[in-house]
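Okay, here's what each chain looks like letter by letter:
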Amino acid sequence: QVQLVESGGGLVQPGGSLRLSCTASGSFFRINNMHWYRQAPGKQREWAASITSGGGTNYADSVKGRFIISRDNAKNTVYLQMNSLEPEDTAVYYCNAGFLIDGGAAFRSYWGQGTQVTVSS
């Protein structure tokens, strides 16, 4: 019914930048808040950033000042601009979003499949 697909991951040098995208498709009435999470090998999934339907943002301390979350509602897309990347940022990055579906009768969250970001010299 709803799919989230991330893109933009890859290999980048320390200090470099990368922009991730996550696009929603399928059947839904509207998208509410959107989020980025990340999971490093052997570690728990960690919340990184959120953006509300009204455009308000919030960040984990580990990424604050370096990452910027944004959204383009016309494209059903959330972005994560990652700057000043560090090896510690290496992880699979997942997007998550809440959707109003079934003609507004239900609210559900969905996850993307993840995209790998590797920060290495």
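Below or above, wherever it landed, is the structure these notes cover. Being a predicted model, the structure only gives us computed values, none of them experimental.

Cut-offs used in this document
- Residues numbered from 1 in each chain as written.
- Predicted model: local features only at pLDDT ≥ 70, side-chain atom pairs only at ≥ 80, totals over all residues.
- Heavy atoms only, no water.
- Pairing = 2+ DSSP bridges.
- Helix = DSSP H or I, 4+ residues; strand = E, 2+ residues; numbered from the N terminus.
- Axes fitted to C-alpha atoms, helices over the stretch in contact; angles between N-to-C directions.
- Buried < 20%, exposed > 50% of the residue type's maximum accessible area, 1.4 Å probe, protein only.
- Salt bridge = Lys/Arg side-chain N within 4 Å of Asp/Glu carboxyl O.
- Core = buried A, V, L, I, M, F, W, Y, C linked by side-chain atoms within 4.5 Å.
- Contact = heavy atoms within 4.5 Å.

### Digging into the sheet that holds strand E3 (residues 18-26)
No. 1: The strand order across the open sheet formed by four strands is E1-E3-E8-E7, and the pairing between neighbours is antiparallel. Strand pairing shows two members of the sheet lacking a second neighbour, strand E1 (2-7) and strand E7 (67-72), which therefore form its edges. Strand after strand, the sheet turns through a mean of 15° between neighbouring axes, direction not considered.
No. 2: One ladder, built from six bridges, connects E1 with E3; its direction is antiparallel. Looking across to E3, one finds that Gln-3 is bridged to Ser-25.

### Regarding the environment of Leu-11
No. 1: With respect to the helices, strands and loops of the structure, Leu-11 is situated in strand E2 (residues 10-12).
No. 2: Overall, the relative accessible area of 66% leaves Leu-11 in the exposed class.
No. 3: The spatial distance from the C-alpha of Leu-11 to the C-alpha of Thr-57 is 26 Å, given a sequence separation of 46 residues.

### Looking at the pattern of salt bridges
No. 1: Going through the model one piece at a time under the given rule, you end up with four salt bridges.
No. 2: Residues Asp-61 and Lys-64 are paired through a salt bridge, measuring 3.5 Å at the closest nitrogen-oxygen approach.
No. 3: You can call Asp-61 exposed: its relative accessible area is 67%.
No. 4: For Asp-89, the salt bridge identified is with Arg-66, shortest N-O distance 2.7 Å. Highlighted residues: Asp-89 in the loop between strand E8 (77-82) and strand E9 (91-101) and Arg-66 in the loop between strand E6 (57-59) and E7, separated in sequence by 23 residues. One exposure class covers both Asp-89 and Arg-66, and it is buried.
No. 5: Via salt bridges that share partners, Arg-38, Glu-46, Arg-66 and Asp-89 belong to a single interconnected network.

### Points about the nonpolar core
No. 1: Ranked by internal contacts, the top residues of the largest apolar core, which has 32 residues, are Trp-36, Leu-80, Met-82, Tyr-93 and Phe-99.
No. 2: For this core, the element with the most residues is E9, which contributes six residues.
No. 3: Among all residues touching Leu-80, those that are not within four sequence positions of it are Leu-18, Arg-19, Leu-20, Trp-36, Ala-49, Phe-67, Ile-68, Ile-69 and Tyr-93.

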